[in-house]
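Coordinate inspection notes
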Amino acid sequence: MRTTTVVGGWRAPALHPGANVIALPRLSSGARTQVTVACSPSSACQVSGDELVIDASAVSVTVTWWAPARGSYRAWGTSRGL
């Protein structure tokens, strides 16, 4: 299996209260990247397109970018938390 890598210099952003860009990276495997947002309480986070707005009342937030294995490439994923 080949290692899946990010193409184009994308890095998972540090998260902070307020507006955060959570754009999807392009991968060497060509697999479609997904993003999952876990927020407690759930009402403290709002997602619109590639923007995540985190309210100051958020107790915990984790954003995970991931993609399944594709062809001869391994699955890929990374996370950031607040």
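One structure accompanies this document, and this report is about it. (Residues numbered from 1 in each chain as written. Predicted model: local features only at pLDDT ≥ 70, side-chain atom pairs only at ≥ 80, totals over all residues. Heavy atoms only, no water.)

Bringing the sheet that holds strand β8 (residues 76-81) into the picture now. Spatially, the three strands line up as an open sheet ordered β4-β7-β8, and their pairing is antiparallel. Here the strands that pair on one side only, and so sit at the sheet edges, are β4 (34-40) and β8. When the angles between neighbouring strand axes are averaged without regard to direction, this sheet yields 15 degrees. Note that strand β7 (residues 60-67) and β8 share six bridges and pair antiparallel. Bridged to A67 within β8 is W76. (Pairing = 2+ DSSP bridges. Helix = DSSP H or I, 4+ residues; strand = E, 2+ residues; numbered from the N terminus. Axes fitted to C-alpha atoms, helices over the stretch in contact; angles between N-to-C directions.)

This paragraph deals with the sheet that holds strand β5 (residues 45-48). The three strands lie next to each other as β2-β6-β5, forming an open sheet whose pairing is antiparallel. The open sheet terminates on both sides in strands that have one partner only, identified here as β2 (18-21) and β5. For this sheet, the mean angle separating the axes of adjacent strands, direction not counted, is 20 degrees. In the sheet, β2 pairs with strand β6 (residues 51-54) via four bridges, with the strands oriented antiparallel. Residue pairing across strands places G18 opposite I54, the latter belonging to β6.

Function cannot be read off these values alone, since they describe shape.
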